[in-house]
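Spelled out from the first residue to the last, the chains are:
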Amino acid sequence: MRILQVVFLGLALFVNGVAQAEEVNPYVLLEQVATKTFSRIKTEHKQIEANPELLRTVMEEELLPYVDYNFAALKVLGKHFRTVPKEKIPEFIKVFRSYLITTYALALSYYNGQEVVFQPSKDVEDDSTVTVRAVVKEPGRPDINIAFKLRKSNKTDEWKAYDMVAEGISLLSSKQSEFESILRQDGIQAVIDAMNSTINRPINLQQANKG
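Residues numbered from 1 in each chain as written. Predicted model: local features only at pLDDT ≥ 70, side-chain atom pairs only at ≥ 80, totals over all residues. Heavy atoms only, no water.

Caption draft 1: Structural view of the nonpolar core. One finds Met59, Phe92, Phe96 and Met195 to be the most contacted residues of the largest nonpolar core, which totals 36 residues. When contributions to this core are tallied by element, the ones reaching two or more residues are helix H2 (26-43), helix H4 (54-62), helix H5 (69-77), helix H6 (89-108), helix H7 (171-186) and helix H8 (188-200). When residues in this core are grouped by element, the largest group, 11 residues, is from H6. Sequence-distant contacts of phenylalanine 92, defined by excluding residues within four places in its chain, comprise Ala73, Leu77, Ile188, Val191, Ile192 and Met195. Formed by 18 residues, the second largest nonpolar core is a distinct cluster that contains Leu30, Ala34, Ile146 and Leu171. (Core = buried A, V, L, I, M, F, W, Y, C linked by side-chain atoms within 4.5 Å. Buried < 20%, exposed > 50% of the residue type's maximum accessible area, 1.4 Å probe, protein only. Helix = DSSP H or I, 4+ residues; strand = E, 2+ residues; numbered from the N terminus. Contact = heavy atoms within 4.5 Å.)

Caption draft 2: The arrangement of unusual backbone geometry in detail. Phi at aspartate 157 is positive, roughly 65°, even though this residue is not glycine. Along the chain, aspartate 157 turns up in the loop between strand E4 (144-152) and strand E5 (158-166). Accessibility expressed as a relative area gives 35% for aspartate 157, which makes it partly exposed.

Caption draft 3: Structural view of the pattern of salt bridges. Considering all chains together, one arrives at 11 salt bridges under this definition. Across the pair arginine 40 and glutamate 61 runs a salt bridge, and its minimum N-O distance is 2.9 Å. With a gap of 21 residues between them, arginine 40 in helix H2 and glutamate 61 in helix H4 connect regions that are remote in the sequence. Residue arginine 40 is classed as buried on the basis of its relative accessible area of 19%. Among the ionic pairs, aspartate 68 bridges to arginine 151, the shortest N-O distance being 2.8 Å. Highlighted residues: aspartate 68 in the loop between H4 and H5 and arginine 151 in strand E4, separated in sequence by 83 residues. Judged by its relative accessible area of 13%, aspartate 68 is buried. A residue is classified by how much of its surface remains accessible, and arginine 151, at 26% relative accessible area, is partly exposed. The network of salt bridges with shared partners includes Arg40, Glu44, Glu61 and Glu62. (Salt bridge = Lys/Arg side-chain N within 4 Å of Asp/Glu carboxyl O.)

Caption draft 4: Representation of the environment of asparagine 145 within the structure. Along the polypeptide, asparagine 145 turns up in strand E4. Between the C-alpha atom of asparagine 145 and that of alanine 166, which follows or precedes it by 21 residues, the distance is 6.1 Å. Look past the residues within four positions of asparagine 145 in its chain and what remains in contact with it is Ala134, Val135, Val165, Ala166 and Glu167.

Okay, here's the thing in structure tokens:
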């Protein structure tokens, strides 16, 4: 499995990891919602083959309600948050949300039934951040270790996912690195334009599976 596909596959798993802290342990929920998401993709496989754009719908309905894309977007901006025009921040976050939907859709076009084994749940009563570890297993290929990072809102007590690390590669760090030079040289509008370029391209299953 290509490492980029592993990163995105892992991301698609972890972004589901959201819960009211008093209701569901995030370790348990993470496994449950991952299973639900992949089951839906399997069930709707024929429809998705006929209309790959349905993957965006699946991602928006199953994943985006549970990812802290605001926090993730600001983490991607990093130090540039202090220097970019403040009036551009809401637009950046809005486009970043759609960019994540597209990223997940392209990533999960690769899904073909890989097994994901999650670590046992732990008590999170006094924690504000959690790292959930899992192993991606595929016959004939080496196991891939993944870590999912979640944080609990101090306002709502909701657990939301914001990053993951696959074989030492952080999704947020990789996006931060990808956009950093563009931000430095051309500004935030160039990053927004680059994300919109990706968003506006149709989902192509064959091309995505080669990427």
